[in-house]
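# Observations on the three-dimensional arrangement
The residues making up each chain are set out below.
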Amino acid sequence: MPQRPARKPERPFFSSGPCAKRPGWSLSALDHALLGRSHRAPEGRARLREVIDLSHRLLGLPKDWRVGIVPASDTGAVEMILWALAGERGVDVLSFESFSGLWAQDLRDVLRLEDVRVLDAPYGELPDLTKIDWSRDVVLTWNGTTSGVRIPNGDFIPAERDGLAICDATSAAFAMDLPWDRLDVVTWSWQKVLGGEAAHGMVALSPHAVARLEQPSPRPLPKIFRLTNKKGLIEAIFQGDTINTPSMLCVEDALDGLRWAESLGGVAALQARSQANLEVVARWVEQADWVDFLAATPETRSSTAICLKIVAPWFQALSAEDQARGVKKIAGLVAAEGAGYDLASYRDAPPGLRIWGGATVEASDIEALLPWLDWAHDEAKKEFAA
């Protein structure tokens, strides 16, 4: 039976959002934030434009794509795109975890589009990608933050397609390969792979998406969702202006994360760090007899939102309510020891554990965390096992 481990992670922060700050981060990184200054002043616009330009360059976006900062994190970015674009033609939407399910619900029940096909799959699996009709618009989530399932590559997306490929990439951008030549709209937020603060989102648009946006909107849009006006695309949004007032403190923090990423060598280095974190967990899961990946197929396992299910017989014998209590107990024991925080699965996901493995997390900290999970599991078993 595992004893209480002696070693703890140096940084016990494993939340899937807001995520751990970069290694070495301190408040001094924000010393030059433009506090008390207008975001519309030349200096403010320059900082916002730097976020846009650095993001564009580091992600390797095509030169003719536009990138802008939008309100309300990735959720706001996806919502504004769905409200602005959906309805010109039929929509296929992939639904395999909490947020992709929310996009399906919005399209079908809120926007009440007449022609929506939901291609769904249970937690831990991907929908059948061969059933997508690319003559329609397609809404897909690249990485399931609440299910630990990712799309492994973009081979299923045709180079020539009639509809738009709209991609929620909030926990994939900067950590996974995105096929920019096969996508039309991509959204993400600052609070994931680079460890930025919440409340701000990013949207990237291909020329195909811009052309659609410049057509008459299928519905009235609130100001917070408008990327166009009577003259067409509001180009200023993609030059450093914003729809509403951003936090210049958060802007400075986002720049710090981007500059850190650039200093490491860019997206390839970030991907390697995240993949190393997944490999640490995979080696542990292979020898542990009480836990397994929620994603059964190795190729689809997320390297950022690493979701685990508890397969121990004592846990499987519990009611759904007691399983939730058991997970809370395990996560609470680890947190009480200061060995790891925010480890329980998302509230809508099956009861289990979730470890953020994005690029700002050190593999050594995950290595230090895992024995604590073994210990906490055995402690919880004493209480819950019949």
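In this report, we go over the structure that sits alongside the text.

Criteria and cut-off values
- Residues numbered from 1 in each chain as written.
- Predicted model: local features only at pLDDT ≥ 70, side-chain atom pairs only at ≥ 80, totals over all residues.
- Heavy atoms only, no water.
- Helix = DSSP H or I, 4+ residues; strand = E, 2+ residues; numbered from the N terminus.
- Buried < 20%, exposed > 50% of the residue type's maximum accessible area, 1.4 Å probe, protein only.
- Polar contact = N/O pair within 3.5 Å; in protein donor to acceptor, adjacent residues only side chain to side chain.
- Pairing = 2+ DSSP bridges.
- Axes fitted to C-alpha atoms, helices over the stretch in contact; angles between N-to-C directions.
- Phe/Tyr/Trp six-rings, centres within 6.5 Å; stacked < 30°, edge-to-face > 60°.
- Lys NZ or Arg CZ within 6 Å of the ring centre and 35° of its normal.
- Contact = heavy atoms within 4.5 Å.
- Parallel < 35°, antiparallel > 145°, perpendicular 65-115°, else oblique.
- Left-handed = near helix turned anticlockwise from the far one by under 90°.

So, on to the side chain of T300. Structurally, the position occupied by T300 is in the loop between strand 12 (291-293) and strand 13 (305-310). For T300, a relative accessible area of 11% gives the class buried. Polar contacts involving the side chain of T300 include one to the main-chain carbonyl oxygen of T297, which spans 2.9 Å.

This part covers the sheet that holds strand 12. With antiparallel pairing, three strands are arranged side by side in an open sheet as 12-13-14. Of all the strands in the sheet, the pair left with one neighbour each is strand 12 and strand 14 (352-356). When strand polarity is set aside, the average angle formed by the axes of neighbouring strands in this sheet is 30 degrees. Pairing of strand 13 with strand 14 involves five bridges; the strand directions are antiparallel. Bridging from a neighbouring strand, C307 pairs with R354 of strand 14.

Let us look at the packing of aromatic side chains. The description of an aromatic ring pair uses the distance of the two centres, along with the angle that the planes make with each other. A full pass over the atoms with the stated rule returns ten aromatic pairs. Ring plane angle 85 degrees and centroid distance 5.5 Å describe the contact between W65 and W180, whose orientation is recorded as edge-to-face. Residue W65 is found in the loop between helix 1 (42-59) and strand 1 (66-71), and its partner W180 is found in the loop between strand 7 (165-168) and strand 8 (185-189); the two are separated by 115 residues along the sequence. With respect to class, W65 is no different from W180; both count as buried. Seen from their ring centres, W83 and F225 are 6.0 Å apart, and the 50 degrees between their planes marks the pair as tilted. Here W83 is found in helix 2 (residues 73-85), whereas its partner F225 is found in the loop between helix 4 (207-213) and strand 10 (228-229), with 142 residues between them in sequence. When its relative accessible area of 15% is taken as the criterion, F225 is described as buried. Following the ring pairs from residue to residue traces out a cluster consisting of W134, W142 and F156. Above the ring of W25, the side-chain terminus of K21 is found at 5.0 Å from the ring centroid.

Turning our attention to the sheet that holds strand 2 (residues 91-95). The strand order across the open sheet built from seven strands is 1-9-8-7-4-2-3, with neighbouring strands paired in mixed fashion. Edge positions in the sheet fall to strand 1 and strand 3 (116-120), since each of these pairs with one other strand and no more. Averaged over all pairs of adjacent strands, the angle between their axes in this sheet comes to 20 degrees, without regard to strand direction. With four bridges joining them, strand 4 (residues 137-141) and strand 7 adopt parallel strand pairing. Pairing of V138 across the sheet is with A165, part of strand 7. Along the sheet face, helix 2 touches strand 1, strand 4, strand 7, strand 8 and strand 9 (200-205) and points at about 155 degrees away from the line of strand 8.

Packed helix pairs are specified by the crossing angle of their axes together with the interaxial distance, meaning the distance between the axes. Two elements in contact, helix 6 (residues 267-287) and helix 9 (residues 363-384), have axes whose closest approach is 9 Å; the angle formed by their N-to-C orientations is 25 degrees. If you check the angle between helix 6 and helix 9, you find them roughly parallel. Both helix 6 and helix 9 take part in a crossing whose hand is right-handed. Between helix 6, through N277, V280, V281, R283 and W284, and helix 9, the contact on the second element is made entirely by A363, I366, E367, L370, L373 and D374.

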